[in-house]
Amino acid sequence: FFRRTRVMRALRNIIQNISTHFPWNRYTFRYVEDIPEYPARRILYIVGSIKSSWLLFFKCPCGCDKVIHLNLMEDESARWSYTMIRNRVNIAPSIHRLKGCKSHFWIKKGRIIWCFH
């Protein structure tokens, strides 16, 4: 059991390290006033302004094409935050879809980092 767990962990690390370097794994961001009817892939839309943004949304990176909405309002209990580092977005905490594809991932420096269970 212990050996198998170590092998699986090593394989996950290899896959994660390889996948973070592909260009299709990189997300850019765009500030918008309203939610677009057809959001583009690999774009993180931030509704509001730099000083007061209230919603972040994007298409799920797994390819299911569902739109993920993340609350950014500080007075709400379920909320996320984002930071910018050299024009790349970090989102915290992780994003975990409980329905549908059940994807679980982080966005660090504009890249998807998958959480494997």
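That block above? That's the structure.
Predicted model, so just to flag it, every value in this text is computed and none were measured.

(A) Structural context of a nonpolar patch on the surface. A surface patch of nonpolar side chains, amounting to about 270 Å² of accessible area, comprises Val 7, Met 8 and Leu 11. By the secondary structure assignment, Met 8 is in helix H1 (residues 2–19). Overall, the relative accessible area of 44% leaves Met 8 in the partly exposed class.

(B) Structural context of the sheet that holds strand E2 (residues 43–48). One open sheet holds the 4 strands; their spatial order is E1-E2-E3-E4, and the pairing between them is mixed. Looking at strand neighbours, the two that pair on one side only are strand E1 (28–32) and strand E4 (67–71), the edges of this open sheet. On average, adjacent strands in this sheet sit at an angle of 25 degrees to one another, irrespective of strand direction.

(C) Spotlight on the side chain of Ser 53. Looking at the element boundaries, Ser 53 is found in strand E3 (residues 53–59). Residues contacting Ser 53, with those up to four places away along its chain left out, are Ile 46, Val 47, Gly 48, Leu 72 and Tyr 82.

(D) Up close: the sheet that holds strand E8 (residues 111–114). Read from one edge to the other, the open sheet built from 4 strands follows the order E5-E6-E7-E8, with strand pairing classed as antiparallel. Both outer strands of the open sheet, strand E5 (81–85) and E8, are each paired with one neighbouring strand and no more. Ignoring which end each strand starts from, the neighbouring axes of this sheet average 30 degrees apart. Pairing of E5 with strand E6 (residues 88–96) involves 5 bridges; the strand directions are antiparallel. Note that in E6 the partner of Tyr 82 across the bridge is Ile 91.

(E) Molecular detail of the packing of aromatic side chains. Per the counting criterion, the structure on display carries 5 aromatic pairs. Look at Phe 58 and Phe 105: their rings are 6.2 Å apart centre to centre, the planes differ by 75 degrees, and that puts the pair in the edge-to-face class. You can see Phe 58 sitting in strand E3 and its partner Phe 105 sitting in strand E7 (residues 104–108), a full 47 residues away along the chain. Note on Phe 105 and Trp 114: the rings are 5.5 Å apart at their centroids and 65 degrees apart in plane angle, and the pair reads as edge-to-face. Judged by relative accessible area, which is 0%, Phe 105 ranks as buried. Exposure remark for Trp 114: the relative accessible area of 27% places this residue in the partly exposed category. Site record: aromatic cluster; members linked through ring pairs are Tyr 27, Phe 58, Phe 105 and Trp 114.

Parameters and conventions
- Residues numbered from 1 in each chain as written.
- Predicted model: local features only at pLDDT ≥ 70, side-chain atom pairs only at ≥ 80, totals over all residues.
- Heavy atoms only, no water.
- Patch = residues over 30% accessible without salt bridge, like charges linked within 9 Å, V, L, I, M, F, W, Y side chains within 5 Å.
- Areas by Shrake-Rupley, 256 points an atom, 1.4 Å probe, with all protein chains shown as cover.
- Salt bridge = Lys/Arg side-chain N within 4 Å of Asp/Glu carboxyl O.
- Helix = DSSP H or I, 4+ residues; strand = E, 2+ residues; numbered from the N terminus.
- Buried < 20%, exposed > 50% of the residue type's maximum accessible area, 1.4 Å probe, protein only.
- Pairing = 2+ DSSP bridges.
- Axes fitted to C-alpha atoms, helices over the stretch in contact; angles between N-to-C directions.
- Contact = heavy atoms within 4.5 Å.
- Phe/Tyr/Trp six-rings, centres within 6.5 Å; stacked < 30°, edge-to-face > 60°.

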